[in-house]
Amino acid sequence: MSTFQKPYIAPFDNDVTPSSWSLSPHASDRRQSDTPLHRSASQRRNALKEQRIQALLDHCRDEALKQLIGPFGLTPAMFDDIDGGNVTTQHNAHQDIYAKASEKYDRNDYDYQGAKRDKKRNAVQAGEMNADTFTDAYTGEQAPTKRTTSNGKQAMNAELDHTIPLKQVHKEGGWMRTPEGRQTLASEDKNLNYTTLENNRRKSDAPAEEALSAQQGYDETRTGPLVEEARTAIDTHLPDTGERVAYHAKELGKTGTREFGKAGMRRALGLLLHELVSGVFSEVASVVNDRTHPDSLLERLTAAIKRVARRVQGKFKDALGEFFKGGLQGFISNLLTFLINNLITTSAKVVTIIREGIHQLWDALKMMLWPPEGMSHEARLRAITKSVAGLFTLGAGMLWEESLNAFLLGIPPLAPIAGFISPVLTGLLTGLATALLMYAIDSIIDWMLDKGTACLNSQIDALEGYQSLMRQTAERIDVQLRLSASYRASLGLNDSISHDWQEAGEALADANRAAEATRATHDDTRTSLDNATRTQQDVNAALTRLLGRSHKET
């Protein structure tokens, strides 16, 4: 019996499926002709292209409107982003970047007049300073206590220096302290040492480890212990790890709550404004185009306003959902910005990009980790790619806005309105770029999934050949099935004959055994008869002899 292998069926996109093929001899009656298949595929492809083009136009309008209302409209109006984000990190503090004005370095916060008087009194009492000379703590040399200025007046040459500069102390954690705490830092006795005006100016705000090193001409055996002692004393007044964590947690809570409300309100207002503007555009177009309406223009405008109001009112529930969703994303973006700024300092525009792009990033992650049930891999690929692409275009648009604004400011006639023109133009271009990029992604994915009309037609032709082969295979399978049925019947008959033969063999064996037994009995009987015949003969011979004797005697 022959064996037939199932032929390989290439992927295709039409109405002919393997389930429509019949294994009966009349399968050819239900074959679809080549022309309808080609026409159906062509019509579907043309319809898909028209649908995509219309979707592109609608998407361009919607995206441009969303960008104008959202990132380039409400966002700059509601948010005042700054470099480094809303919470100062230690990394940013080292870069002299602070989120609050109270955290910035102000020399007046570090008042130490009381400590200065005490230090001078102690120096005089110890004999380290008098009216003529004083001992320079960094060099150990005697220097004039006073100096003559350029206008001939006498001024102090002995200056009290903070060995660890106050600005360095501020960057290292003084920015977290209250004004009282900063005064305590400035008044630390072990961090105050007398030196000359020249040495003090040369040292300035440079780190003590560098300014008082051997490279600067100092004897580190003398300055080293002073620096180490000052460092140890200052560290006792700086915030420890627990205080830093508590400070950051408090600031994150305050700014996160503020960002939650503002970001939620921005998303809710954005949704309602988008619905309002879309409704207005739609109703205006309807009123302008329908000039044969029997109602007056005022009545039609009143009805249009009511319809727009109902549209906006119908979005209130969605706006509430957007508020909480946007608020949560605002809180997360604030936290994410803080974490990033612990490593690198972000510009104000990057802070905005993080906040505006967090929902697209979240949509992409959610689609990757928790896709909707029943969603195809193709749809997931499209959604994830579009979310990432939208984040890219948004970031590029916001960065380009700064360049465009700087360019417009360089044009005198446009400089007064540059702040208005640049976000509008950037919003429109970003919206168009986003829509075009989405269309390109759809086209690329379609191209990846379908290698072209020629390939599709060749697959349809191949399918026709496969159908013919499958029909012939089905016919042969039918013959094989009939032969198999006959074979099964023959097997049944053979089994019956074999059973009869077995019974006949058993009967013959019984007959043979019976015949053998009969033959043995016959042999025994014949032997007995032979013995009896010989006995009879002997008796007859004896009788004959007796009769002979009897006759002789008589």
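Going along each chain's sequence as written, the residues are numbered from 1 onward. For this predicted model, a pLDDT threshold of at least 70 governs which residues receive local features, and a threshold of 80 or more governs which side-chain atom pairs are given and counted, while totals over whole chains, interfaces and linings are taken from all residues. Derived side-chain values reflect all non-hydrogen atoms in the structure, with water molecules and hydrogen atoms excluded from consideration.

Student: Just to check I follow, could you spell out a nonpolar patch on the surface for this structure?
Tutor: Together, M265, L269, L273, L276, V280, F281, V284 and V288 line one region of the surface with nonpolar side chains, adding up to about 630 Å² of accessible area. Of note, V284 is situated in helix 9 (residues 241-289). Type-normalised accessible area, obtained with a 1.4 Å probe on protein chains alone, sets the label of each residue: buried when under 20%, exposed when over 50%, and partly exposed for intermediate values. Residue classification places V284 among the partly exposed residues on the basis of a relative accessible area of 45%. A patch consists of residues whose relative accessible area exceeds 30% and which take part in no salt bridge; residues with like charges are grouped when within 9 Å of each other, and nonpolar side chains (Val, Leu, Ile, Met, Phe, Trp, Tyr) when within 5 Å. Reported accessibility uses the Shrake-Rupley method at a 1.4 Å probe radius. Residues are deemed covered only where the shown protein chains occlude them. Whenever a carboxyl oxygen of Asp or Glu lies within 4 Å of a side-chain nitrogen of Lys or Arg, that contact is scored as a salt bridge. Per the convention used, a helix needs a DSSP run of H or I reaching at least four residues, while a strand needs a run of E reaching at least two, with both numbered from the N terminus.

Student: How do you make sense of the side chain of N334 when you look at a structure like this?
Tutor: Tracing the backbone through its elements, the reader meets N334 in helix 11 (residues 316-341). Assessed through its relative accessible area of 6%, N334 is described here as buried. Two N or O atoms count as a polar contact when they lie within 3.5 Å, although within protein this holds only if one can serve as hydrogen donor and the other as acceptor, and sequence-adjacent residues are included solely when both atoms are side-chain atoms. At 3.0 Å, the side chain of N334 forms a polar contact with the side chain of T255. Here, residues are in contact when the closest pair of their heavy atoms is within 4.5 Å. With sequence-adjacent residues up to four places away left out, N334 is seen in contact with N86, L252, T255, G256 and E259.

Student: Where do I start with the environment of A137 in this structure?
Tutor: Structurally, A137 can be placed in the loop between strand 1 (133-135) and strand 2 (142-144). Once the C-alpha coordinates of A137 and L226 are considered, the two residues, 89 residues apart in sequence, prove to be 8.6 Å apart. Filtering out sequence-adjacent residues up to four positions away, A137 remains in contact with N193, Y194, R222 and L226.

Student: Which parts of the structure should I look at to understand the nonpolar core?
Tutor: Most often, soluble globular proteins have nonpolar side chains that are buried together. Throughout, nonpolar core names a set of buried Ala, Val, Leu, Ile, Met, Phe, Trp, Tyr and Cys residues whose side chains join them through atoms within 4.5 Å. Ranked by size, the top nonpolar core spans 26 residues in total, and within it I164 and Y194 carry the most contacts. At the level of secondary structure, the elements contributing two or more residues to this core comprise helix 3 (113-125), strand 5 (158-162), helix 4 (166-171), helix 5 (179-186), strand 6 (192-196) and helix 8 (220-237). Looking at which element gives the most residues to this core, the answer is helix 8, with four residues.

Student: Sorry, what's going on with the environment of T178 here?
Tutor: Residue position: T178 is located in the loop between helix 4 and helix 5. Classification of T178 as partly exposed rests on a relative accessible area of 44%. Placed 76 residues apart in sequence, T178 and S102 show a C-alpha to C-alpha distance of 8.9 Å.

Student: How do you make sense of the side chain of T88 when you look at a structure like this?
Tutor: With respect to the helices and strands, the residue T88 is situated in the loop between helix 1 (34-78) and helix 2 (90-94). Polar side-chain contacts of T88 include one of 2.7 Å to the backbone nitrogen of A99.

Student: How should the pattern of salt bridges be read in this particular structure?
Tutor: Pairs can form between side chains of opposite charge whenever their charged atoms are close. In the structure shown here, the tally under the stated rule is 18 salt bridges. The partner of R231 in a salt bridge is D235, with the nearest N and O atoms 3.2 Å apart. Here the residue R231 and the residue D235 both occupy positions in helix 8, the gap between them amounting to four residues, near one helical turn. What makes R231 buried here is its relative accessible area of 18%. Overall, D235 belongs to the partly exposed group, its relative accessible area being 40%. One salt bridge connects R519 with E516, and the closest N-O pair in it is separated by 3.7 Å. Placement of the pair is R519 and E516 together in helix 15 (residues 453-553), with a separation of three residues, close to one helical turn. Under the relative-accessibility criterion, E516 is labelled partly exposed at 46%. One continuous salt-bridge network, built from bridges that share partners, spans K100, E251 and K254.

Student: What is the right way to look at the packing of helix 9 against helix 10 (residues 297-313) in this model?
Tutor: A pair of packed helices is characterised by two quantities: the angle between their axes and the separation of those axes. A fitted line through C-alpha atoms serves as each axis, taken over the contacting stretch for helices, and the angle formed by two N-to-C directions is quoted from 0 to 180°. Running from N to C, helix 9 and helix 10 cross one another at 155°; their axes reach a closest spacing of 9 Å. When the interaxial angle is binned, helix 9 and helix 10 end up roughly antiparallel. The handedness of the crossing between helix 9 and helix 10 is right-handed. Taken together, the residues of helix 10 that come into contact with helix 9 (itself represented by L272, E275, L276, S278, G279, V280, S282, E283, S286 and V287) are L297, R300, L301, A304, R307, V308, R311 and V312. In this classification, the charged set is Asp, Glu, Lys and Arg, the nonpolar set is Ala, Val, Leu, Ile, Met, Phe, Trp, Tyr, Cys and Pro, and all remaining amino acids, among them Gly, are polar. Here the contact of helix 9 with helix 10 is built from residues that sort into nine nonpolar, four polar and five charged. Note on terminology: angles under 35 degrees are roughly parallel, angles over 145 are roughly antiparallel, angles of 65 to 115 are roughly perpendicular, and the others are oblique. In this scheme the crossing of two helices becomes right-handed for a clockwise turn of the near helix relative to the far one and left-handed for an anticlockwise turn of less than a right angle.

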